Amino acid sequence: MQETPASPWFHVQTQAGAATLRLAGDWRLAQLAEIETALSGLALPPGTTVDGSALTRIDSAAAQVLLRALQQAGCGLLGEACAWAGFDAAHARIVDQVRRHVAASAPPPRPPPRPALAQLGRQALALGSLLLGHLNFLGATAAACGELLLRPRQLRPRELTVQLEQTGLNAIPVVSLVTLLIGVVITYLLGLQAEKYGANIFVVDGVGIGATREFAPIIVAIIVAGRSGAAFTAQLGSMRLTEEIDAIRTLGLSAMQVLVLPRVLALMLTLPLLVFVGDVASLVGAMLVAGPMLGITPAAFLARLREALDISHVLVGLAKAPVFALAIAVIGTRMGMTVGRDTGAVGAATTSTVVQSIVAVILLDAGFALLMQALEW
Amino acid sequence: MVTAAAAAPAPVIDVQGIVTRFGATTVHDGVSFRVGRGTLVGLIGSSGTGKSVLLREMIGLHRPTAGRVTLLGTDIWQASAAELDAVRRRFGMMFQDGALFSSLTVAQNVAVPLREHTRLAPATVDALVALRLAQAGLPAEAAARRPSELSGGMRKRAAIARAIALEPELLFLDEPTSGLDPITARGFDRLVRALVDDLGITVLMATHDLDTLLTVVDRVIVLSRGRVLADGSVREVTAVDDEWVRRYFSVRTMTQGDLGDGS
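Values in this document were obtained by computation on a predicted structure and should not be read as measured data.

### Some remarks on the overall build of chain A
- Within chain A, the secondary structure is distributed over twelve helices and five strands.
- Intrachain contacts of chain A at a sequence separation of at least 6 include 78% that bridge at least 24 residues.
- Looking at chain A as shown, the accessible area adds up to about 19100 Å², and 67% of this sits on carbon and sulfur atoms.

### Digging into the sheet that holds strand 7 (residues 170-174) of chain B
All names here are of chain B.
- Read from one edge of the open sheet, six strands run 6-7-8-3-9-10, paired in mixed fashion. Each of the sheet's edge strands pairs with one partner strand only, and the pair in question is strand 6 (91-94) and strand 10 (227-232). In this sheet, adjacent strand axes meet at a mean angle of 15° when their direction is disregarded.
- As paired elements, strand 9 (residues 219-224) and strand 10 share five bridges and run antiparallel to each other. Each residue of the ladder has a partner; that of Ile 221, found in strand 10, is Asp 231.
- Taken strand by strand, helix 2 (residues 51-58) contacts strand 3 (40-44), strand 6, strand 7, strand 8 (202-206) and strand 9, and its axis lies near 150° from that of strand 7.
- Those strands touched by helix 6 (residues 152-163) are strand 6 and strand 7, and its axis lies near 165° from that of strand 6.

### With respect to the interface of chain B and chain A
- The interface of chain B with chain A comprises 28 residues on the first partner and 29 residues on the second.
- When the two sides are added together, the surface that chain B and chain A hide from each other amounts to roughly 2300 Å², 56% of it contributed by carbon and sulfur.
- Looking only at chain B, the three residues that lose the most surface to chain A are Leu 131, Glu 167 and Asp 198 of chain B, adding up to 22% of its buried area.
- For the pair chain B and chain A, the number of links is three salt bridges.
- Across the pair Arg 119 of chain B and Glu 34 of chain A runs a salt bridge whose closest N-O atoms are separated by 3.0 Å.

### Overview of the sheet that holds strand 5 (residues 74-75) of chain B
Residues and elements named next belong to chain B.
- Spatial ordering of the open sheet is given by 2-1-4-5, a layout of four strands whose pairing is antiparallel. Edge positions in the sheet fall to strand 2 (25-35) and strand 5, since each of these pairs with one other strand and no more.
- The sheet contact formed by strand 4 (residues 66-71) and strand 5 spans two bridges and is antiparallel. In the strand pairing of strand 5, Leu 71 is matched with Thr 74.
- Where helix 2 meets the sheet, its contacts fall on strand 1 (13-22), strand 2 and strand 4, and the angle it forms with strand 1 comes to roughly 120°.

### Details of helix 4 (residues 116-150) of chain A
Residues and elements named next belong to chain A.
- Over its 35 residues, helix 4 extends 51 Å from the first C-alpha to the last, a length consistent with the 51 Å expected when each residue adds 1.5 Å.
- Taken residue by residue, helix 4 has Gly 133, His 134, Phe 137, Thr 141, Ala 144 and Leu 148 as its buried positions.
- Of the surrounding secondary structure, the elements contacted by the buried residues of helix 4 are helix 9 (255-294), helix 11 (311-337) and helix 12 (343-375).

### Quick notes on the pattern of salt bridges
- For the coordinates displayed, the defined rule picks out 25 salt bridges over all chains.
- Note that Glu 214 of chain A is salt-bridged to Lys 320 of chain A, the shortest N-O span being 2.9 Å. With Glu 214 of chain A in helix 7 (residues 202-241) and Lys 320 of chain A in helix 11, this pair connects stretches of sequence that are 106 residues apart.
- Residue class for Lys 320 of chain A comes out buried when judged on its relative accessible area of 2%.
- Across the pair Arg 90 of chain B and Glu 169 of chain B runs a salt bridge, and its minimum N-O distance is 2.8 Å. Of the two residues, Arg 90 of chain B sits in the loop between helix 3 (81-88) and strand 6 while Glu 169 of chain B sits in the loop between helix 6 and strand 7, which places them 79 residues apart along the sequence.
- A residue is classified by how much of its surface remains accessible, and Glu 169 of chain B, at 7% relative accessible area, is buried.
- Sharing partners across several salt bridges, the network here consists of Arg 28 of chain A together with Arg 37, Arg 90 and Glu 169 of chain B.

### Considering the packing of helix 3 (residues 89-102) of chain A against helix 7 (residues 182-199) of chain B
- Direction vectors running N to C along helix 3 of chain A and helix 7 of chain B enclose 130°, while the axes themselves pass 8 Å from each other. As the angle between them shows, helix 3 of chain A and helix 7 of chain B are arranged oblique. Residues Arg 93, Ile 94, Gln 97 and Arg 100 of chain A of helix 3 of chain A lie in contact with helix 7 of chain B, whose contacting residues are Asp 197, Asp 198 and Leu 199 of chain B.
- Of the residues contributing to the contact of helix 3 of chain A with helix 7 of chain B, the split by class is two nonpolar, one polar and four charged.

### Section: the confidence of the model for chain A
- Per-residue pLDDT for chain A averages 88, and the proportion of residues at 70 or more is 96%.
- Looking across chain A, the model is least confident in strand 1 (residues 2-3) of chain A, with a mean pLDDT of 54, and most confident in helix 11 of chain A, with 94.

### Describing the packing of helix 2 (residues 60-72) of chain A against helix 5 (residues 122-135) of chain B
- Closest axis-to-axis distance for the helix 2 of chain A/helix 5 of chain B pair is 10 Å, and the angle between their directions is 120°. Judged by the angle between their axes, helix 2 of chain A and helix 5 of chain B are oblique. At the point where helix 2 of chain A passes helix 5 of chain B, the crossing takes the right-handed sense. Residues Ser 60, Ala 61, Gln 64, Val 65 and Arg 68 of chain A of helix 2 of chain A touch helix 5 of chain B, and the partners they reach there are Ala 123, Thr 124, Ala 127, Leu 128, Leu 131, Arg 132 and Gln 135 of chain B.
- In the contact of helix 2 of chain A with helix 5 of chain B, the residues fall into six nonpolar, four polar and two charged.

### As for the environment of Leu 148 of chain A
Residues and elements named next belong to chain A.
- Residue placement: Leu 148 occurs in helix 4.
- Along the chain, Leu 148 and Leu 261 lie 113 residues apart, while their C-alpha atoms are 9.2 Å from each other.
- Setting aside its immediate chain neighbours within four residues, Leu 148 contacts Gln 154, Leu 155, Gln 257, Leu 261 and Leu 265.

### Observations regarding the pairing of strand 3 (residues 18-27) of chain A
Residue and element names in this part refer to chain A.
- Two strands pair when backbone bridges link them, and strand 2 (residues 10-15) and strand 3 are joined in this way by six bridges, in the antiparallel orientation. Paired with His 11 across the bridge in strand 3 is Arg 22.
- Both strand 3 and strand 4 (residues 49-58) contribute to a ladder of seven bridges, which runs parallel. Its bridge partner lying in strand 4, Trp 27 is registered against Ile 58.

### Here we look at the nonpolar core
- Formed by 84 residues in total, the largest nonpolar core has its most connected members in Leu 21, Leu 23, Trp 27 and Leu 32 of chain A together with Ile 160 and Leu 171 of chain B.
- Per element, the largest residue contribution to this core is eight residues, and it comes from helix 2 of chain A.
- Leaving out residues up to four positions away in the same chain, Leu 32 of chain A has contacts with Ala 61, Ala 62 and Val 65 of chain A together with Leu 120 and Leu 128 of chain B.
- In this structure, Val 175, Ile 218, Ile 219 and Leu 271 of chain A belong to the second largest nonpolar core, which totals 39 residues.

### Section: unusual backbone geometry
Residue and element names in this part refer to chain B.
- Phi angles above zero are rare outside glycine, and Leu 72 is one such case at about 50°.
- Its location among the elements puts Leu 72 in the loop between strand 4 and strand 5.
- At Glu 175, a residue that is not glycine, the phi angle is positive and equals roughly 45°.
- Examined against the element boundaries, Glu 175 turns out to sit in the loop between strand 7 and helix 7.
- According to the relative accessible area criterion, Glu 175 is buried, its value standing at 11%.

Rules and cut-offs
Residues numbered from 1 in each chain as written. Chains lettered and ligands numbered in written order. Predicted model: local features only at pLDDT ≥ 70, side-chain atom pairs only at ≥ 80, totals over all residues. Heavy atoms only, no water. Helix = DSSP H or I, 4+ residues; strand = E, 2+ residues; numbered from the N terminus. Contact = heavy atoms within 4.5 Å. Areas by Shrake-Rupley, 256 points an atom, 1.4 Å probe, with all protein chains shown as cover. Pairing = 2+ DSSP bridges. Axes fitted to C-alpha atoms, helices over the stretch in contact; angles between N-to-C directions. Buried area = accessible area lost by both parts, 1.4 Å probe. Salt bridge = Lys/Arg side-chain N within 4 Å of Asp/Glu carboxyl O. Expected span 1.5 Å × (residues − 1). Buried < 20%, exposed > 50% of the residue type's maximum accessible area, 1.4 Å probe, protein only. Parallel < 35°, antiparallel > 145°, perpendicular 65-115°, else oblique. Nonpolar A, V, L, I, M, F, W, Y, C, P; charged D, E, K, R; others polar. pLDDT = per-residue confidence, 0-100. Left-handed = near helix turned anticlockwise from the far one by under 90°. Core = buried A, V, L, I, M, F, W, Y, C linked by side-chain atoms within 4.5 Å.

In C-alpha cells form, the structure reads like this:
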C-alpha cells in the first residue's frame with residue numbers, strides 16, 4: 001500500500017495496483033484557490049476510483065474544479081473514465097448537477113484584439129456618422145421651426161419660459177463673474193506692455209475691441225455649453241431611459257415641438273443677451289484695473305471707449321451668439337434624444353456633448369474670423 | 001421540548017421584532033419569523049406592506065427602527081464592518097430589475113464577485129462564470145452581451161447568475177418573476193427550485209406571483225398591517241380567516257372556476 005503526501009482535501013492510495021483518490025473535508029469556494037494549487041499536477045492511472053466518503057461538504061464551484069482536475073488527470077471530460085464511490089446523496093446531486101452543465105459551459109470567447117489601423121478607420125466612420133446625424137437633426141429642427149411658423153399655436157410658452165429662465169436668467173451671475181475677471185486679466189496684460197511705451201490710453205482700444213468682438217462671445221458660449229448643453233443631454237437622456245420620450249410620441253405629440261424646439265429657441269434668444277452681459281462685465285472689469293494701474297479715470301476710459309470702439313465690433317460679437325447657441329442646442333438635444341438605453345450611456349453622452357459643443361464653438365468662431373476679414377467688417 | 005429546541009440546527013434567517021417607521025408612517029410593527037436551511041420561502045403582502053423594505057433591512061442596506069436580523073448566525077445590525085463583509089459573501093441578492101452593471105458584459109458581471117472575493121486563477125474564474133451562466137439557464141452566447149442587449153427574462157437569469165457566483169448559502173430574490181411571460185416565469189420557478197434542491201441553498205423571495213406560490217414554494221409568510229399575518233405551507237395559509245388572504249387566493253380559484261365552466 002502506497003500513499004502520496006497528504007493534503008487536507010485529498011490523497012491518492014494505491015493498493016494492489018488499483019488507485020483510489022480519497023476526498024476529504026470541506027470542498028468550498030472559500031478554499032478553492034488552495035484546493036486548485038494542491039490538485040495541480042495530479043496524475044491518476046486509468047480506472048482510478050474517486051471516493052467521496054470522507055467529504056464533509058462540496059459546493060458546485062469545487063465540484064467543477066474537481067471535474068476539471070480529473071479531466072486533466074485522464075478521467076475523461078465528465079470523470080466517466082473513473083469509478084465514483086462513497087458519495088453522500090446530497091454531494092452526488094451537486095456533482096451531477098455540475099456534470100450536466102460542464103458540456104454546455106464552454107468558457108466565453110474573448111473578443112479578438114483590433115488592429116490599430118482598423119480601430120482608426122472605425123473611429124473615423126463613427127465621427128462621420130455623428131456629424132451626418134447632427135446635420136440631419138439640424139434639418140429636422142429647421143423643419144419643426146417651419147411647422148411652428150405655419151401653426152404658431154404649437155408653440156409651448158410654458159416650456160419656453162422655463163428654458164429661458166434656466167439657460168438665461170440663472171446663468172447671469174456666473175457669466176458676469178467670469179467675463180469680469182477676463183476683462184481684468186486682459187487689461188492687466190495689455191497694460192504691462194503699453195506702459196513701456198507710454199501708450200496707456202490705447203489699452204482701452206485693445207480691451208474694448210478684443211472683449212466685445214472675441215472674448216466675451218467665446219467665453220460665454222463655452223460657459224453655456226458646459227451649463228445648458230450638458231443639462232439638455234442629461235435631461236433628455238434620462239427621459240429617454242424612463243421611456244418618457246416614447247410616451248410623448250405615443251400621446252400624439254411631437255418630441256421636436258415639446259422638447260427640442262423650446263430648448264433651441266430659448267438658447268438662441270438668451271445667448272446674445274448673455275454675451276451682452278459679458279461685454280458690459282468685461283469692460284467694467286477693465287475699467288476697475290485701468291484706474292489704479294494705468295491712471296485712466298473711469299471718465300477718461302468711457303470717453304476713449306466711445307471714440308475707439310466702433311459699434312460694428314459689438315454687433316459682430318453679438319451676431320455670432322445665436323449661431324453658437326444653435327450649435328450647442330442642436331448637439332445637446334440630439335445627444336440626449338439618441339442616448340443608449342443604459343445608465344452609463346447618459347454620462348458618456350453628456351461628456352461628449354460638452355466636448356463637441358466647445359469644439360464646435362471654436363471652429364465656428366474661426367469661420368467667423370475668416371468671413372469677417374473677407375467682408376472687411 | 002427544551003432539549004429538542006437545543007438540538008435543532010440554528011436558523012439561517014432569524015428576524016425578531018422588526019419595526020420600521022418612515023416619519024409618521026409605520027410600515028412594520030413587530031415582524032418576526034425564522035427560516036431553516038434548504039427551504040424556499042415566499043414573502044407576500046399587498047403593495048405597500050414593505051416587502052422590499054424588509055428585504056433591504058435583512059441584507060443590511062436599510063436600518064430598521066427597531067428589531068434584530070440574524071443571518072447565518074451574524075446579527076446584521078450589530079456586526080462590525082469586517083463581520084458584515086464576511087457574511088455578505090455567504091448570501092446573494094437579486095434586485096427587482098437585475099441591477100446588472102450596464103458597462104460590463106454579462107460574463108464580466110458574474111465575474112465581479114469572483115474576482116473581488118477569491119484568489120482564483122483567471123482561467124478558473126472563466127470556467128466558473130460559464131458554470132454559473134449554465135446553472136442560471138443562460139445560453140453561452142449571452143455571455144459576451146451587455147445587459148441592455150438582453151430580454152427581460154435573460155436579464156433576470158444573468159442577475160441570478162451573479163447572485164449565486166460565490167455559491168451563497170442563502171439567496172434573497174425581490175419579485176423574480178415580475179414582468180416575465182408565464183412560460184419564462186415558470187422556467188424561472190423551476191430554476192429557483194433546482195437551486196434549493198440540488199445546491200441546498202435557502203431562498204427567501206418577495207413575490208406577487210400566485211403560480212410561483214402554488215407550485216414551488218415550501219412556505220409562505222404573509223405580511224399585513226405591519227405584522228406577520230400567516231406563516232406556513234400554502235394550504236395552511238389559504239385556510240387563514242382573513243379578508244385579504246381570502247381575496248388574494250380567490251383570484252386564482254375564480255379564474256380556474258371560470259375556465260372550468262367555459263369548457
